[in-house]
Each structure stands twice: as C-alpha cells, then as structure tokens.
Amino acid sequence: MSTASKVLAELIDALRCLPGVGAKSAQRMAFHLLERDRDGGRRLAAALTAAMERIGHCRQCRTFSEEPVCALCAGAARDRHVLCVVESPSDLAAIEQATGYRGLYFVLLGRLSPLDGLGPDELGMDLLRRRLAEGEVQELIVATNPTVEGEATAHYLAQLARDAGVRATRLAHGVPLGGELEFIDRSTLAHAFGGRQALD
Amino acid sequence: MRIDQQPAYVLHARPYRETSLLLECLTRDHGRVGLVARGVRGERARLARAELEPFLPLALSWRMRGELGTLAGAEAAGAPQRLAGDALLAGLYLNELVVRLVARQDSHPELFGAYALALGRLAAGESLAWTLRRFERDLLDALGYGLLLDRQAEDETPLQPQADYVYLPEQGPQPWRGQPGPRVRGADLLALAADRMPDPEGLAALRRMMRAVIAAHLGGGELRAWRVLGEALRHR
C-alpha cells in the first residue's frame, strides 16, 4: 500500500496480524483511530504493550496469567481435588460461565495432533503427570473437544490418570438441549444412542 | 472443474479464516486434494462440522480452482468406522503418512482401497502394528516405491528365510555382514510379501525397516507421529 506516511503504512501493516483483518479493514481501523479516536488508540497501544510484556502462562494450569500462578489456581475457594483438562483458555471461560464447577483447571493449549506438530511435550503433559503424582487430585475431568484429535487426547489423558491411580471422567456427548433428532448429525446421534442412560 | 459425489475421507482439518475449514482429503479418483469448506464453523453451519471429521466414509462434491478446491457438498457414504483408544492414535498415524508422502492431485486408485481396508482393520481391533505395516507396504506400492521383499538387491538371489539382511531404502535387502542399517530376517520380509503376520520380534524389525524407508522418502525427515504416538503408546 502506498501512503504519504511511512508510520501510517507501518500501522496498517501491523494491524493485519489480527485474525480476519485484511488490507482494507486495517486501513479503515488506522484511519478511524487517527481521525476520531486518538485516546482510544493510545489506550489500545498501552494495553497491547502491557499484555504482550506481562502476560505469560500460569505455572500450575498453563492458562494466560500475569502472575506466576493465576488467580484461579491461587484462590482458596476452589476444590483442589478435582482437575478439569481443557484444550484452550476459551474452553475454560465457557465452562466457568455455564457450569457451577468449583474445581481447578489444566489448559493444554492444543490437542494431540501429529499433523500440526502437537505432541505430549507441547501440551505440557509432563507438568500434568507431576501434578497427578502429587496425590492431591482425586478426579481428572477430561473436557477436550469431541473431535477425533480431542478423543485421541482424552485417551492419552485417561492413561496418565490410570498410571497415577486417579479417577478419570469424560464430559457426556449427546443430543443438544432443544434439538430435534431428525436434524442431528449421524455421529452425534450414534454416540448419544450408544451412551443412553436408564430413566429413574 | 466440478467433481461430484467422489468417495473420500478427510485426513486433517484446520481452521481457515473466521468460519471455514481447510481440509486435506484422500479421494478415490483424484488422490489427495485440499478443499476449503466455507462457513462450517459458525453457529448456523450449512454442513455439520461433525460430518467432516476424519475416518468417516464420505461422498464429497467440490469445484477445483488451482491448488485448492471449494467444497460444495458432503454426504455420508456408509456406516462410520469407530476408532477408539490406541486404534485412534494409529489412525492419526495413517493420516500423517498419507499427507506427508502423497502429493496433492496425484491419482493412486489402489491407495484409497488400501486406506479404507486399514481403517476397517483398526476399527475391528486387529493387530495395530501388523495393520500399519501392511498399509505402509501398500502405500509404497501405490506410489511406485514398492519394496523388494523376495530377492536380494544386488544379484536377484531369492531371500533365505533363516538369513539376516539389511534393508537399504533405495535398493532393497542386502545380506547382513555387520553393516549399519535396519536388520531384518529373510523370513519376516517374505512374510510381509505373502501377507502373513510375523512374530512380535519380526514385527518390531519390520517397523524399524519401514521407518528407515519412509524417512528416506521424506528426504531424511521424520513423521511427527513417530514422536507423538511413540510417547503416547510408551506410557502403558
């Protein structure tokens, strides 16, 4: 892109690192900040700098945190005997918002996927193994996604738990609430059918 | 070019743009193809994401443009093979093998059948190691890199079951005289040729041999699944 200002060109180019932002949107964002919202722009710059400099990973659960141990792991109010394993921080947020779960989390930041170059080392499995060996955790809740790779990861996690003598549980898969059987994909339906439960 | 109702399996899916997926697929008549599935990750996806998972027999329709195609439709083509546990890890290995060794849009008709057969064996709980070795053999055959399993590389002498050989990736079996390289018994090579399952020791030797051969075809690289799955299977 040819612009009169070199700094402006750099800003537009830098904005393109955001997902879903192409040249056109980047230009629109840059012009908006310069024309109408310089304060907003300064705040964004300061927040970005602070986040990029200070946010790392929690030493215990690997989620994003500016402290060595995140607030969830450090908090006294959580049940330390239950550990829920999720693929990403957004999965953690979803469970926090939707359920009354009071235990702790472990964030893999991915799933076992040879084609993406993700193996046990990248997913912090050693850290998890040590955590289970400490003996505090009594139940490992496996909340990886119900995809092929998520299932492979769940299988691996179940083995880890078994080696450590910890009980492993898996989120149920089934028919979504408010759904109609006729419109559900066949894999989900087959799974839900296979995992049917007794009516009490 | 529009292709309709082509038998296929998804090998790998990765997120692409906001709501799309980039699929690597193995198809019967068009080999490996890269397809963009638009709008399948949104709330109101036209195609269910679950229908585009690996290991499901599908009939895919797409429009080819340049290197990538655009998915136009996906339908179930047969009952799904349910892989679980170690068989699932082995299935991921099959997929990496195909993606890494097979070039896009090279047609290998026998490969599709061999892949479907291997999935069926994994789902049926047959020996993982033996299923993988048979598939590797058939994959190399389909790609025109077929293994030499019945005679020596240099002088065409038939292999002796009780003799030891070293398998040279680009050439074939050579009598073992202490030289480096994957060492394997003649009986195990002959068993692989005849599709007869060798004993555990033979299977382990064939695994080392296949790794050397596949590494050579990857230009000295290695499959990530060897590291990932090796470790996953070790903890048992």
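Cut-offs used in this document
- Residues numbered from 1 in each chain as written.
- Chains lettered and ligands numbered in written order.
- Predicted model: local features only at pLDDT ≥ 70, side-chain atom pairs only at ≥ 80, totals over all residues.
- Heavy atoms only, no water.
- UniProt positions renumbered as here; feature names shortened; annotations may be inferred.
- Helix = DSSP H or I, 4+ residues; strand = E, 2+ residues; numbered from the N terminus.
- Contact = heavy atoms within 4.5 Å.
- Buried area = accessible area lost by both parts, 1.4 Å probe.
- Salt bridge = Lys/Arg side-chain N within 4 Å of Asp/Glu carboxyl O.
- Polar contact = N/O pair within 3.5 Å; in protein donor to acceptor, adjacent residues only side chain to side chain.
- Nonpolar A, V, L, I, M, F, W, Y, C, P; charged D, E, K, R; others polar.
- Pairing = 2+ DSSP bridges.
- Axes fitted to C-alpha atoms, helices over the stretch in contact; angles between N-to-C directions.

Student: Can you help me understand the UniProt feature "domain: Toprim" (unreviewed entry) in chain A in this one?
Tutor: Under the present numbering, the feature "domain: Toprim" (unreviewed entry) in UniProt falls on residues 81-176 of chain A. In this annotation, residues 81-176 of chain A is assigned 36% helix and 20% strand; the end-to-end C-alpha distance for the span is 29 Å.

Student: Can you walk me through the interface of chain B and chain A in this structure?
Tutor: Where interface size is quoted, it is often the accessible area lost as the parts come together. Facing the 34 residues of chain B at the interface are 28 residues of chain A. Interface of chain B and chain A: buried area, both sides summed, is about 2500 Å²; carbon and sulfur atoms make up 59% of it. Where chain B packs against chain A, one counts one salt bridge. Between D116 of chain A and R14 of chain B there is a salt bridge whose closest N-O contact spans 4.0 Å. The tally of links between chain B and chain A comes to four residue pairs in polar contact (both at pLDDT 80 or more). For the side of chain B that touches chain A, the elements supplying multiple residues, two or more each, are strand 1 (2-16), helix 1 (86-101) and helix 6 (224-234) of chain B. A per-element tally of the side of chain B that touches chain A places helix 1 of chain B first, with seven residues. For the side of chain B that touches chain A, the residue count by class is 18 nonpolar, five polar and eleven charged.

Student: So what exactly am I meant to see when it comes to the UniProt feature "zinc finger region: C4-type" (unreviewed entry) in chain A here?
Tutor: Sites flagged by UniProt as "zinc finger region: C4-type" (unreviewed entry) map to residues 58-73 of chain A. Along residues 58-73 of chain A, the helical share is 19% and the strand share 12%, with 8 Å between the first and last C-alpha atoms.

Student: Is there a simple way to explain the sheet that holds strand 3 (residues 31-37) of chain B in this structure?
Tutor: Paired through backbone hydrogen bonds, the strands of a sheet run either parallel or antiparallel to each other. Residues and elements named next belong to chain B. Spatial strand order, 1-2-3-5-4: five strands in a closed barrel with mixed pairing. Here the strands of the sheet are splayed against their neighbours by 55° on average, with no regard to which way each runs. Where strand 4 (residues 58-65) meets strand 5 (residues 68-76), eight bridges bridge the pair, whose relative direction is antiparallel. Across the sheet, M64 pairs through a bridge with G69, a residue of strand 5.

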